[in-house]
Amino acid sequence: MQEQPRSIGLIDCNNFYVSCERVFRPDLLTRPVIILSNNDGCAVSRSNEAKAIGVKMGVPVFKIRDLVKDHGIEVFSSNYVLYADMSNRVMSILSEYSPIQEIYSIDESFLDLTGFSDIRERARAMYERVVRDTGIPVCVGIGPSKTLAKLSNFVAKRHPKSNGVFNINLLSPGQVNSVLTNIPTEEVWGVGRKLTASLSEFGIDTVLQLRDADIASMRKKFGVVMEKTIRELRGEACIELEEMASAKKQIINSRSFGKSVGTIEDVQDALAHFVSNAAKKLRDQHSIAGMMQVFIQTDRFRTERPQYCPSVTIPLVMPTANSMTLQKWALAGLESIFRPGYLYKKAGVILSEICDASTYQGDLFASVPEDTEIMKVLDKMNARYGKGTIKLSQDGSRQSWKMRQEKKSPEYTTNWDEIPVCV
Ligand SMILES: [Mg+2]
């Protein structure tokens, strides 16, 4: 009996951040819109209208001032709280269409559709349902491997005839060839700009050429990952779906400040906030950390200013996920490296030596058990009433270091004070 080909779906939200803003600003549906990165630096999400005008991905906003003005481009700061919440809604709807889901990024999800007899209808149904229930438009690509599912999605996005859904499994071999010969190698999953250039030196410019390249010599030249890519392009599923995000071995929380700060109080405040975020992530994955690194940095682009970028590593006697303990040590670490007279632009914390909280062997000689209950209460309250409802006293209460977000939209879906109002 011939084995049925795998049917892996890749569902990708269209211009995700822009689409999130448009849900609550329908007046922007046909207007050019861009979303800026942290601190309002570069364009990281663009509406089709903005792409058509020539706004390139990642362009610094100061370079397109004229374009923004001349075309009346609507500009937003990133509103990650909104995007994360909208993402959760999309992902939870998609989870109803297959028991095997890998949430690949904030706006992309793989679904294993192998074995379903109604793949065509299922794909169409999720395409329609997500936009109906959330307002976020998506495209669905289906293929026998993750790499081909991604390429199918690329086709679904660009070809109006596909109507947002494309399944490469339904094509004849000749049709597959003509699709793949029209896609440049840089669109292949895992093939970046650098690799595209090296492949081109080998005379490989299209996906078809890459698929039909000699595996042995390609592995020799580019390594085993390239072999997997080629096999995936041939329809062999080599990369499995990862249903559970594997627990991170290192958690970093750091950010550039909106403006440089010079006092230890401001840096303390920012650092305490980053430690809270990192500790929450640690608890979310049921882990504890045994090592913490704290670092601060001056602005390396301001070369006329004195530079100072120290860090300190703090081994924790008792591994923990307790925000209070971690903050205490982080602030002590900060005190040991902080020097006045510099303007600091960035700070951060790195938690490592991470292990599973449930299997950790406690310290025989520790008299006071770590108070994890209070952290549970804190997380629960914040989940229920909104992030930051309860926090440690020294956690982001000063505003001086906050990110620059001059054009941020309201947190429509997560903050009672900012829910949309009908008038
Ligand atoms: Mg997307």
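Please read these numbers as outputs of a predicted model, since none were measured by experiment. Note on numbering: residues in each chain are counted from 1, in written sequence order. Only residues with pLDDT of at least 70 are given local features in this predicted model, and only at 80 or more are side-chain atom pairs given and counted; all residues enter the totals for whole chains, interfaces and linings. In computing side-chain values, all of the structure's heavy atoms are included and hydrogens and water are not.

On to helix H11 (residues 224-233), then. Owing to its 3.6 residues per turn, the α-helix aligns residues three or four sequence positions apart on the same side. Exposure classes here rest on a 1.4 Å probe applied to the protein chains alone. A residue is buried below 20% of its type maximum, exposed above 50%, and partly exposed in between. Strands are runs of DSSP state E lasting at least 2 residues, helices are runs of H or I lasting at least 4, and numbering of each runs from the N terminus. When we look at burial in H11, the residues that qualify are Met226, Glu227, Thr229, Ile230, Glu232 and Leu233. The contact criterion used is simple: two residues touch if any of their non-hydrogen atoms lie within 4.5 Å. Against the buried residues of H11 lie helix H6 (146-158), helix H8 (193-201), helix H9 (207-211) and helix H10 (215-222). Taken from the residues just after H11, Gly235 is the one with a positive phi, measuring 100°.

This brings us to the pattern of salt bridges. Basic side-chain nitrogens of Lys or Arg form a salt bridge, by our definition, when they fall within 4 Å of a carboxyl oxygen of Asp or Glu. Across all of its chains, the model carries 21 salt bridges by this definition. Among the salt bridges present, the one from Glu96 reaches Arg129, with a minimum N-O distance of 3.1 Å. Placement of the pair is Glu96 in the loop between helix H4 (80-94) and strand E5 (101-105) and Arg129 in helix H5 (residues 119-134), with a sequence separation of 33 residues. You can call Glu96 exposed: its relative accessible area is 52%. For the salt bridge of Glu236 with Arg231, the shortest nitrogen-to-oxygen distance reads 3.5 Å.

Okay, the domain arrangement of the chain next. Segmentation of the chain into domains returns domain 1 (1-169), domain 2 (171-241) and domain 3 (251-385). Each of domain 1 and domain 2 has a C-alpha centre, and these two points are 23 Å apart. Domain 1 puts 21 residues into the contact, and the matching count from domain 2 is 17 residues. Take the accessible area each of two parts loses on contact, using a 1.4 Å probe, and add the two losses: that sum is the buried area. Carbon and sulfur atoms supply 72% of the area that domain 1 and domain 2 bury against each other, a total of about 1,700 Å² over both sides. For domain 1, the biggest contributors to the area lost against domain 2 are Lys146, Thr147 and Leu151; these three give 33% of the whole. Put simply, domain 1 and domain 2 have one salt bridge between them. With a closest N to O distance of 2.9 Å, Glu240 and Arg6 form a salt bridge. Under this definition, polar contacts are N or O atom pairs within 3.5 Å; protein pairs additionally need one hydrogen-donor-capable and one acceptor-capable atom, and for neighbouring residues in sequence, both atoms have to be side-chain atoms. Here domain 1 is connected to domain 2 by seven residue pairs in polar contact (both at pLDDT 80 or more). For the purposes of this description, domain bounds are those given by an automatic or database domain assignment.

Ideal donor angles around a metal are set by the shape: a four-donor tetrahedron calls for 109.5 degrees, a six-donor octahedron for 90 or 180 degrees. Coordination of the magnesium ion by the protein comes from Asp12 (OD), Cys13 (O) and Asp107 (OD), over a distance range of 2.1 to 2.5 Å. Because no water is among the atoms considered, metal sites can look incomplete, with donors defined as N, O and S atoms within 2.8 Å of the metal, or 3.2 Å for Na, K and Ca. Summarised as a motif, the one-chain spacing of the donors to the magnesium ion is D-C-x93-D. In this pair, Asp12 is assigned in strand E1 (residues 8-13) and Asp107 in the loop between E5 and strand E6 (108-112), connecting sequence segments 95 residues apart.

Take the sheet that holds strand E4 (residues 74-76) next. Strand order in the open sheet made by the three strands is E3-E2-E4, with mixed pairing throughout. Two strands close off the open sheet at either side, each with one partner strand: strand E3 (43-46) and E4. Each strand of the sheet is rotated relative to its neighbour by a mean of 25°, with strand direction disregarded. In this sheet, E4 lies alongside strand E2 (residues 33-36) in parallel orientation, the contact comprising three bridges. Looking at E4, one finds that Val33 is bridged to Glu74. Strands are labelled as partners when DSSP assigns at least two bridges between them. In this analysis, axes come from line fits to C-alpha atoms, helices being fitted only over the stretch in contact, and the angle between any two N-to-C directions falls in the range 0 to 180 degrees.

Nonpolar side chains (Val, Leu, Ile, Met, Phe, Trp, Tyr) within 5 Å and like charges within 9 Å form the patches, drawn only from residues with over 30% relative accessible area and no salt bridge. The Shrake-Rupley method, run with a 1.4 Å probe, gives the accessible areas here. Residue values count only the displayed protein chains as cover. Judged by side-chain polarity, Val377, Met381, Tyr385 and Ile390 come together as a nonpolar surface patch covering roughly 340 Å² of accessible area. Residue classification places Met381 among the partly exposed positions, given a relative accessible area of 31%.

Moving on, we get to the packing of aromatic side chains. Classification of ring pairs rests on two measures: the distance between centres of Phe, Tyr or Trp rings, Trp counted by its six-membered ring, which must be within 6.5 Å, and the angle between planes, read as stacked under 30 degrees, edge-to-face over 60 and tilted in between. Counted under the stated rule, the structure contains 13 aromatic pairs. Considering the side-chain rings of Tyr104 and Phe110, the 5.6 Å spacing of their centres and the 65° angle between planes classify their relative orientation as edge-to-face. Accessibility expressed as a relative area gives 34% for Tyr104, which makes it partly exposed. For Phe110, a relative accessible area of 0% puts it in the buried group. Joined through ring pairs, the aromatic side chains of Phe16, Tyr17, Tyr80 and Tyr83 make up one cluster. Placement of a charge over a ring requires the Lys NZ or Arg CZ to be within 6 Å of the ring centre, with the centre-to-atom vector within 35 degrees of the ring normal. Against the face of Tyr127 rests Arg124, its NZ or CZ located 5.1 Å from the ring centre. Over the ring of Phe110 we find Lys146; its NZ or CZ atom is 4.8 Å from the centre of that ring.

The next point concerns the side chain of Ser78. Within the element layout of this structure, Ser78 appears in the loop between E4 and H4. Look at Ser78 and you get buried, because its relative accessible area is 1%. Within the structure, Ser78 has its side chain in polar contact with the backbone oxygen of Leu36 (distance 2.3 Å). Those residues in contact with Ser78, other than ones at most four positions away along the chain, are Ile35, Leu36, Ser37, Asn38, Tyr83, Gln405 and Lys408.

Our focus in this paragraph is the sheet that holds strand E9 (residues 251-261). Sheets are built from strands that pair by backbone hydrogen bonding, the pairs being arranged parallel or antiparallel. Spatially, the four strands line up as an open sheet ordered E9-E12-E10-E11, and their pairing is antiparallel. Two strands lie at the open edges of the sheet, namely E9 and strand E11 (311-320), each paired on one side alone. Averaged over all neighbouring strand pairs, the angle between strand axes comes to 15°, with direction disregarded. As paired elements, strand E10 (residues 287-298) and strand E12 (residues 344-356) share eleven bridges and run antiparallel to each other. In the strand pairing of E12, Ala289 is matched with Ile354. Taken strand by strand, helix H12 (residues 264-284) contacts E9, E10, E11 and E12, and its axis lies near 155° from that of E9. The strands touched by helix H13 (residues 323-337) are E10, E11 and E12; relative to E11, the strand with the most contacts, the crossing angle is about 155°.

To continue, consider the nonpolar core. Grouped together as the largest cluster of nonpolar side chains are 34 residues, with contacts concentrated most on Met292 and Leu351. Listed by contribution, the elements that provide at least two residues to this core are E9, H12, E10, E11, H13 and E12. No other element matches the nine residues that H12 contributes to this core. Once you skip the residues sitting within four places of it in the chain, Met292 turns out to touch Val312, Thr313, Ile314, Leu316, Leu326, Trp329, Ala330, Val349, Ile350 and Leu351. We call a set of buried Ala, Val, Leu, Ile, Met, Phe, Trp, Tyr and Cys residues a nonpolar core when their side-chain atoms join them within 4.5 Å.

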